[in-house]
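Read off the chains here:
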Amino acid sequence: MLDDIIAIFSILVSGWSVYNSLLAMYGFTWSPTKRTNYSGKTFSIIIPAKNEEKVLPRLLDRLINQEYDKSKYEIIVVEDGSTDKTYEVCKQYEETYSRDFIKCLKLDQPKVPNGKSRALNYALKIANNEIIGIFDADTVPKLDVLNQASSWFDKNEVVAVQGKLIPINVTENIVTRFASIEELFHEYSIAGRARLGLFVPLEGTCTFIRKETLEKIGGWNEFTLTEDLDLSISLISQGFQIKYDPMIIAWREVPSSLRWLVKQRLRWYRGHFEVTIRLPQGKKLDPKIIDGFLLIGTPLFMVLNLVNYSLVLIYSTSLFVIAASFVSAASFISFIVTVTISRKHLIEFYYSILSLIYMNFVVLLNLTALFMEIVRAPKVWIKTERSGKITSEV
């Protein structure tokens, strides 16, 4: 009986790995038609910022110089309990331009687990325009993101659009290389999902949502660790459409130290355990919903990878050969996809090999996140520190 259980779970996890690898490769090869609309919808761009004096000017410069009608968008920076000069940096921009264009808001220390959600909800109340754009302060968007996003909202059925995120500090050090491989693999799998019409999650930055829709669903959840995923579930559960456009491109920083990588990943992984997909009323289970379950269940599947270490217990049985074949095939396909993605983003080949070790580290982090959720460890939304070392034009 134990032999059967080990083999079944091992094959199940391997199948999930192959599924995501194929999605990533399919997304990697996607080159859709570029859309442009230089003066269409109106945007309120919200930047929640806490201790971001290093990177906020970089983002504001990019947003101010967007290739879009300046009368059609506003920028709202919500400084949320910083201990550095984030607010002062923002005020300099507000004074240089008009307050109608750039607004700097200051909040007290948050009393809810997710300060980012609180900042977003506060800005939502004063936003004046049709489409809400969300950018984390470490993001560096291309100068055409607004004209690219605008055209999507000519379709009434589309309520949200997610842009493509690329690590900007890939080659900063060893940590950023491994973190970039993990995030790029995930990003291309999202592109593959979008290309197939499957579940598309919002990623918290370079995200665009209709204001009226946000108001209808009550904004962002201030008591969850992953507000972007929680919002995605709320939208999909009510039958709304989220689109992903790989031509809407923004760069962002990945953690540059092991300490901040661990903190960020634990928050991300634990956040997955908090959310559940709710079927829209009257809607049957379909491929998009099933894919949503598979994506949200990523931390659980990662933990189940530990089953593969138990294959030695069934070494003497015929099931071992079957299960080991599945594991080997899944590992090989994942490795090929990783090498392909790494080459495009200038990550050295040997990091693709070492990423197999890094993924075991990710498994342990997912196991830790699961344990924290089981014992109901306090929920703390920890802002990831950024190096801000990348200052050149991209």
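An account of the accompanying structure is given in this report. Along each chain, the written sequence defines residue order, and numbers are assigned to residues from 1. Given that the model is predicted, a residue must reach a pLDDT of at least 70 before its local features are reported, and side-chain atom pairs must reach 80 or more before they are shown or counted; all residues, however, enter totals for whole chains, interfaces and linings. Derived side-chain values reflect all non-hydrogen atoms in the structure, with water molecules and hydrogen atoms excluded from consideration.

### Brief notes about unusual backbone geometry
Point 1. Phi at Leu346 takes a positive value of approximately 60°, unusual for a residue other than glycine.
Point 2. Only DSSP runs of H or I reaching four residues or more are called helices, and only runs of E reaching two or more are called strands; each is numbered from the N terminus. Secondary-structure assignment places Leu346 in the loop between helix 12 (318-344) and helix 13 (349-374).
Point 3. Although it is not a glycine, Arg376 adopts a positive phi angle of roughly 55°.
Point 4. Relative to the helices and strands, Arg376 is located in the segment after helix 13.
Point 5. Arg376 gets classed as exposed once you look at its relative accessible area, which sits at 74%. Exposure is judged per residue with a 1.4 Å probe applied to protein chains only, and the accessible area is read against the type maximum: over 50% gives exposed, under 20% gives buried, and values in between give partly exposed.

### Topic: the nonpolar core
Point 1. Core analysis: the biggest nonpolar cluster contains 36 residues, and Val78, Ile132, Ile209, Trp220, Leu231 and Leu235 have the highest contact counts within it.
Point 2. For this core, the leading source of residues is helix 8 (residues 227-237), giving five residues.
Point 3. Contacts between residues were defined by any pair of non-hydrogen atoms, one from each residue, lying within 4.5 Å. Not counting the four nearest positions on each side in its chain, Leu231 is found in contact with Leu202, Ile209, Leu214, Ile217, Gly219 and Trp220.
Point 4. The nonpolar core is taken to be a set of buried Ala, Val, Leu, Ile, Met, Phe, Trp, Tyr and Cys residues, with the residues joined through side-chain atoms within 4.5 Å. Counting 35 residues, the second-largest nonpolar core is a separate cluster that includes Phe43, Leu60, Tyr93 and Ala250.

### Some remarks on the packing of helix 6 (residues 174-195) against helix 13
Point 1. Geometry is summarised by axes, namely lines fitted to C-alpha atoms with helices restricted to the contacting stretch, and by angles between N-to-C directions that run from 0 to 180 degrees. One way to put it is that helix 6 packs onto helix 13 with a least axis distance of 10 Å and a crossing angle of 80°. Here helix 13 runs roughly perpendicular to helix 6, going by the angle between their axes. Each of Ile174, Arg177, Phe178, Ala179, Ile181 and Glu182 in helix 6 lies in contact with helix 13, whose residues at this interface are Tyr351, Ser352, Leu354, Ser355, Tyr358 and Val362.
Point 2. In this count, Pro and Cys sit with the nonpolar residues alongside Ala, Val, Leu, Ile, Met, Phe, Trp and Tyr, while Asp, Glu, Lys and Arg are called charged and the others, Gly among them, polar. In terms of residue class, the contact of helix 6 with helix 13 is built from eight nonpolar, two polar and two charged. An angle below 35 degrees is treated as roughly parallel, one above 145 as roughly antiparallel, one from 65 to 115 as roughly perpendicular, and anything else as oblique.

### Remarks on the pattern of salt bridges
Point 1. Only one rule defines a salt bridge in this text: a Lys or Arg side-chain nitrogen within 4 Å of an Asp or Glu carboxyl oxygen. Per the counting criterion, the structure on display carries 16 salt bridges.
Point 2. Where Asp291 meets Arg193, a salt bridge forms, and the shortest distance between an N and an O atom there is 2.8 Å. Here Asp291, found in helix 10 (residues 287-296), pairs with Arg193, found in helix 6; they are 98 residues apart in sequence, far enough to count as distant. By the burial criterion, Asp291 is buried, and Arg193 matches it.
Point 3. Where salt bridges share partners, they join Glu182, Glu183, Arg252 and Arg265 into one cluster.

### A few points about the pairing of strand 7 (residues 207-210)
Point 1. Neither face of strand 7 is left uncovered, since the one carrying Thr207 and Ile209 and the one carrying Phe208 and Arg210 both have all their residues buried.
Point 2. By the convention used here, strands pair only if DSSP detects at least 2 bridges between them. Taken together, the four bridges between strand 4 (residues 131-134) and strand 7 define a ladder with antiparallel strand orientation. For Ile132, the partnering residue across the bridge sits in strand 7 and is Ile209.
Point 3. In this structure, strand 6 (residues 158-167) lies alongside strand 7, joined through three bridges in antiparallel fashion. Within the sheet, the bridge partner assigned to Gln162 lies in strand 7 and is Thr207.

### Observations regarding the packing of aromatic side chains
Point 1. Any two rings among Phe, Tyr and Trp, with Trp reduced to its six-membered ring, count as a pair given centres within 6.5 Å; such a pair is stacked if its planes are under 30 degrees apart, edge-to-face if over 60, and tilted if neither. What the rule picks out here adds up to 13 aromatic pairs.
Point 2. With a centroid separation of 5.8 Å and an interplanar angle of 80°, the aromatic rings of Phe135 and Phe208 are classed as edge-to-face. Of the two residues, Phe135 sits in the loop between strand 4 and strand 5 (140-141) while Phe208 sits in strand 7, which places them 73 residues apart along the sequence.
Point 3. Given a relative accessible area of 0%, Phe208 falls into the buried group.

### Structural notes on the pairing of strand 6
Point 1. Of all 10 residues making up strand 6, 10 are buried, and the element is well covered by its neighbours.
Point 2. Bridging between strand 6 and strand 8 (residues 241-252) involves nine bridges; their strand directions are parallel. Bridging from a neighbouring strand, Gln162 pairs with Tyr244 of strand 8.

### Quick notes on the sheet that holds strand 5
Point 1. A sheet is described by the order of its strands in space; here eight strands give the open sequence 3-2-1-4-7-6-8-5, paired in mixed fashion. The open sheet has two free edges, formed respectively by strand 3 (102-107) and strand 5, since each of these has just one partner strand.
Point 2. Across seven bridges, the pairing between strand 1 (residues 43-49) and strand 2 (residues 73-80) is parallel. Residue Ser44 lies in a different strand from strand 2, and its bridge partner there is Glu74.
Point 3. This element, helix 2 (residues 56-64), spans strand 1, strand 2, strand 3, strand 5 and strand 8 of the sheet and lies at about 165° to strand 2.

### Side note on the state of the cysteines
Point 1. The rule for a disulfide is simple: a pair of cysteine sulfur atoms within 2.5 Å. Scanning the model with the defined rule gives one disulfide in all.
Point 2. Note that Cys90 is cross-linked by a disulfide to Cys104, the S-S spacing being 2.0 Å. With the S-S bond torsion at -90°, the cross-link from Cys90 to Cys104 turns out left-handed. Taken together, the residues span a long stretch of sequence, with Cys90 in helix 3 (residues 86-96) and Cys104 in strand 3 at a distance of 14 residues.
Point 3. Taking relative accessible area as the criterion, Cys104 reaches 4% and is therefore assigned buried.
Point 4. Looking at Cys206, it has no disulfide partner, and the nearest cysteine sulfur is the one in Cys90, 20 Å off.
Point 5. You can call Cys206 buried: its relative accessible area is 0%.

### Some words on the packing of helix 6 against helix 12
Point 1. Here helix 6 crosses helix 12 at 105°, and the two axes come no closer than 10 Å. Relative to helix 12, the element helix 6 is oriented roughly perpendicular. Counting all contacts with helix 6, which are made through Ile181, Leu184, Phe185 and Tyr188, the residues of helix 12 involved are Ser334, Val337, Thr338, Ile341, Ser342 and Lys344.
Point 2. The residue inventory of the contact of helix 6 with helix 12, partitioned by class, reads six nonpolar, three polar and one charged.

### Section: helix 4 (residues 115-126)
Point 1. The length a helix should cover is 1.5 Å for every residue beyond the first. Taking 1.5 Å per residue, 12 residues should reach 16 Å; helix 4 reaches 18 Å between its end C-alpha atoms and fits that length.
Point 2. Most of helix 4 sits inside the fold, with nine of its 12 residues counted as buried.
Point 3. Of all the positions in helix 4, only Gly115, Lys116, Ser117, Arg118, Ala119, Leu120, Asn121, Ala123 and Leu124 are classed as buried.
Point 4. Considering only its buried residues, helix 4 is in contact with strand 1, strand 2, strand 3, strand 4, helix 7 (211-217) and helix 8.

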